[in-house]
Amino acid sequence: ARECQRTALTTQLAKMISALMIGAGEYTSGCVFTEAGAAPDKPAGVVAITFADLRRRGVIDGMVLCDVSGARVQAARETMARKIGAVYKDMDLTMTTLPEDDVDFDPDAFRAAISHMKRGDVVTIFTPDDTHFKICMACIEAGLHVLCAKPIVKRLEDHTALAEAAKRHGVLVAVEYHKRFDPIYVDARDRVRAQLGPFSYFSSTMTQPKAQLDTFAGWAGKSSDISYYLNSHHMDVHAWSVGRTSRPERVVAMAARGAAERRLRPSDNRAIEDTITLMVQWRNDDDSAGTATYTASWIAPRADSHTQQHFHVMGHEGEIRVNQAKRGYEMSTDTAGFAQLNPLYMKYTPSPSGHFAGQGGYGYRSIEEFVRAAEEVNSGRATIGDISARDVLATVDTTARTTAMLEAGRMSLDAGGAGVRILYPDDLRDENAAPEKEAKRLKNGKAVDCEAEPVGLRLE
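Being a predicted model, the structure only gives us computed values, none of them experimental.

Asks: Could you give an account of the overall build of the chain, with specific residues and numbers?
Replies: Counting its secondary structure elements, the chain contains 15 helices and 17 strands. Relative to its length of 460 residues, the chain is compact, with a C-alpha radius of gyration of 22 Å against a globular reference of 23 Å. Dimensions along the principal axes, computed over C-alpha positions, put the chain at roughly 70 × 55 × 45 Å. The buried share of the chain, reckoned over its 460 residues, is 54%. Here the chain contributes 56 positive and 62 negative side-chain charges, whose respective centroids are spaced 2 Å apart.

Shown next as structure tokens:
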């Protein structure tokens, strides 16, 4: 009987999901190589602490951590031991780490890390934006379910390629847009759909302090910009809220410069925008029009909240305003001063028993929901299509319009503020199509097909 129990346990463990973490920096481990240290809203990171707790709860099995530098991996291990292992009870941080500590730089270390995983395992990717595509594609081809930091890629063409590869290999691929799990944002999304009527106006602002720039000094303005980094959040919230009743069609971008370049003084003299605003024309399925502005900056002063952020959405029949920085929960101490608290994101204060107690935070839930969905796919209880249709996770097959807006914004900036059109399948149809064929293009009596994902961009 004991032998049967051991065999059953071995079989169960073999089926359990293991987790690969690619990128050992702030969001994964809480490890930051700057004087300012980790951001106050995620002092112990998000990914590793979540996976360690999921392992404590019996949800996942093994853990693997990978970065491009052995020294960074070593520092991450030490940080996790101090910020997680020494703070919470029963958090097992045993994991394989790559590359070896004496390796200065290995941009392909992720390939060796992938070889430690089995088909159906999960991987999180939190690396510079311009590395996402090749890492995501390698993980997809290895049969891993992928949760990638936003933006998943910088180009619409690459987004489409990943979506096609995910479908071909039968794996779940999603963007880690954790605001989809913020209860206030979820409620706002539901009210937008149920009560506001056709979309008319959306405006969002998201800013972080200058000290955050030091963390991003190696890639700011080189592999990505502040719009990709922060505007992507509320672009997704907007697109998710209006669903398939509206689509973005034209983008114009403007930027401010000076402060970031003076602070970082890049040796390669690259341009680093301080603040980027994208202005986007939307069109609804009844052929009415809406407009949106998305603004992001990383030159703000220190404030009572690490990230100042709010949005305003208006429909034909109502409006909603949300300020995520101010939740009505404040604290002041002699050492840290005054601060706005948001344990709805990540709760780091241990429970009275000494255990991690942040399972309800939307940073945690974003990762757990992905792991649970991967389990369903592996067991055959759900298909990738089922997961996508739930409209909870930001799956790669439903999020191309956000990537299109981001890339169009970059194109507009590089062209001096020129307009960029976002193209859809109906934009590429034969202009000489017969009227009866044209009529079939419209669905359910709608004047505009807002169901399809974008297929291209065109500079005006």
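And the narrative resumes.
Asks: Please provide a residue-by-residue account of the pairing of strand β8 (residues 246–257), values included.
Replies: Regular strands place their side chains on alternate faces of the sheet. For β8 and strand β9 (residues 273–284), the ladder comprises eleven bridges, and the chain directions are antiparallel. For Ala 253, the partnering residue across the bridge sits in β9 and is Leu 278. In this structure, β8 lies alongside strand β16 (residues 420–423), joined through two bridges in antiparallel fashion. Across the sheet, the residue bridging to Val 251 is Val 420, located in β16.

Asks: Residues and numbers for the nonpolar core, please.
Replies: Ranked by size, the top nonpolar core spans 48 residues in total, and within it Ile 49, Phe 51 and Ile 60 carry the most contacts. Of all the secondary-structure elements, those providing two or more residues to this core are β1 (17–22), α3 (47–56), β2 (60–66), α4 (70–85) and α12 (362–379). Counting residues per element, this core draws most heavily on α12, at eight residues. Counting residues in each nonpolar core, the second largest holds 46 residues, with Leu 156, Leu 213, Ala 220 and Val 313 among its members.

Asks: So what about the pattern of salt bridges? Which residues, and what values?
Replies: Throughout the structure, instances matching the rule amount to 34 salt bridges. For Asp 41, the salt bridge identified is with Lys 42, shortest N-O distance 3.3 Å. Owing to a relative accessible area of 25%, Asp 41 belongs among the partly exposed residues under this scheme. For Lys 42, a relative accessible area of 7% gives the class buried. Salt-bridge contacts for Asp 67 lead to Arg 72; the nearest nitrogen and oxygen are separated by 2.8 Å. Using a relative accessible area of 8% as the deciding quantity, one classes Asp 67 as buried. Ionic contacts of the salt-bridge type, sharing partners, join the residues Arg 247, Glu 249, Arg 283, Asp 287 and Asp 426 into one network.

Procedures and definitions
Residues numbered from 1 in each chain as written. Predicted model: local features only at pLDDT ≥ 70, side-chain atom pairs only at ≥ 80, totals over all residues. Heavy atoms only, no water. Helix = DSSP H or I, 4+ residues; strand = E, 2+ residues; numbered from the N terminus. Rg over C-alpha atoms; globule rule 2.2 N^0.38 Å. Buried < 20%, exposed > 50% of the residue type's maximum accessible area, 1.4 Å probe, protein only. Lys, Arg positive; Asp, Glu negative; His and termini not counted. Charge placed at Lys NZ, Arg CZ, Asp CG, Glu CD. Pairing = 2+ DSSP bridges. Core = buried A, V, L, I, M, F, W, Y, C linked by side-chain atoms within 4.5 Å. Salt bridge = Lys/Arg side-chain N within 4 Å of Asp/Glu carboxyl O.

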